[in-house]
Amino acid sequence: MPLFGNTFSPKKTPPRKSASLSNLHTLDRSTREIELGLEYGAPMMNIGGQSLKFEDGQWITESGGSVSGKELQRLKKRNQQLEEENNLLKLKVDLLLDMLSETTAETHLIQKELEEMKSHNRRKK
């Protein structure tokens, strides 16, 4: 037993095997598509019976969905009407709040004048 020597000597690790024996990774995309028939289309998904396709940065509904084109147009028109009605109601609320503020300010001024008149009359007596 050595006094200052290292008794622990790990085994040497075996060399790693090649990750891939295929040379397909060296081919360019067009060659791979020709050789393997890889034709990637637009991404598609099916959610709740509705088929969606990703084109030009947006998800587009495919035919065969649960909502027809006419129903979609009707819903869009109804949505537009509701948005316009909502905007009109917001405008009316703002107008009514302005009117209430003005009336409240006038009421406070009248009350102040009334109090001043009362105090002025009391001084005369």
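Residues numbered from 1 in each chain as written. Predicted model: local features only at pLDDT ≥ 70, side-chain atom pairs only at ≥ 80, totals over all residues. Heavy atoms only, no water.

Notes on a nonpolar patch on the surface
As a reminder, the rule being used: Exposure above 30% relative accessible area and the lack of any salt bridge qualify a residue for a patch; like charges then connect within 9 Å, and the nonpolar side chains Val, Leu, Ile, Met, Phe, Trp and Tyr within 5 Å. Every accessible area reported is derived by Shrake-Rupley at a probe size of 1.4 Å, with residue values counting cover from the shown protein chains alone. In the sections that follow, a salt bridge refers to a side-chain nitrogen of Lys or Arg positioned within 4 Å of a carboxyl oxygen of Asp or Glu. A run of DSSP states H or I qualifies as a helix once it reaches four residues; a run of E qualifies as a strand once it reaches two. Both are numbered from the N-terminal end. Think of it in three bands: with a 1.4 Å probe and only protein chains considered, a residue is buried below 20% of the maximum accessible area for its type, exposed above 50%, and partly exposed in between.
On the surface, Met 45, Ile 47, Phe 54 and Trp 59 cluster together into a nonpolar patch covering about 370 Å² of accessible area. Take Phe 54: it is sitting in strand S2 (residues 50-55). Phe 54 sits in the partly exposed class, given a relative accessible area of 32%.

Section: the confidence of the model for the protein
Note the following rule: For every residue, the predictor reports its confidence as pLDDT, a number between 0 and 100.
In the predicted model, the protein carries a mean pLDDT of 82, and the fraction of residues at 70 or more is 84%. The least confident element of the protein, judged by mean pLDDT, is helix H1 (residues 29-36) at 74; the most confident is helix H2 (residues 69-124) at 94.

Here we look at the pairing of strand S1 (residues 44-47)
Rules: By this definition, two strands are paired if DSSP reports at least two bridges between them.
Two strands pair when backbone bridges link them, and S1 and S2 are joined in this way by four bridges, in the antiparallel orientation. What sits directly across from Asn 46, in S2, is Ser 51. Between S1 and S2, which pair antiparallel in sequence order, lie two residues; one of them, Gly 48, sits at a positive phi of approximately 60°.

Topic: the pairing of S2
Of the strand pairs in this sheet, S2 and strand S3 (residues 58-61) are connected by four bridges, and their pairing is antiparallel. Bridging from a neighbouring strand, Lys 53 pairs with Ile 60 of S3. Hairpin connection between S2 and S3: a loop of two residues separates the two successive antiparallel strands, and Asp 56 in this loop has a positive phi of roughly 50°.

With respect to the environment of Met 45
Let me state the cut-off plainly: Any two residues whose heavy atoms approach within 4.5 Å at even a single point are treated as in contact.
For Met 45, the position within the fold is in strand S1. Look at Met 45 and you get partly exposed, because its relative accessible area is 33%. C-alpha of Met 45 to C-alpha of Glu 62: the two residues are 17 residues apart in sequence and 10.0 Å apart in space. Aside from chain neighbours lying at most four places away, what touches Met 45 is Gln 50, Ser 51, Leu 52 and Trp 59.

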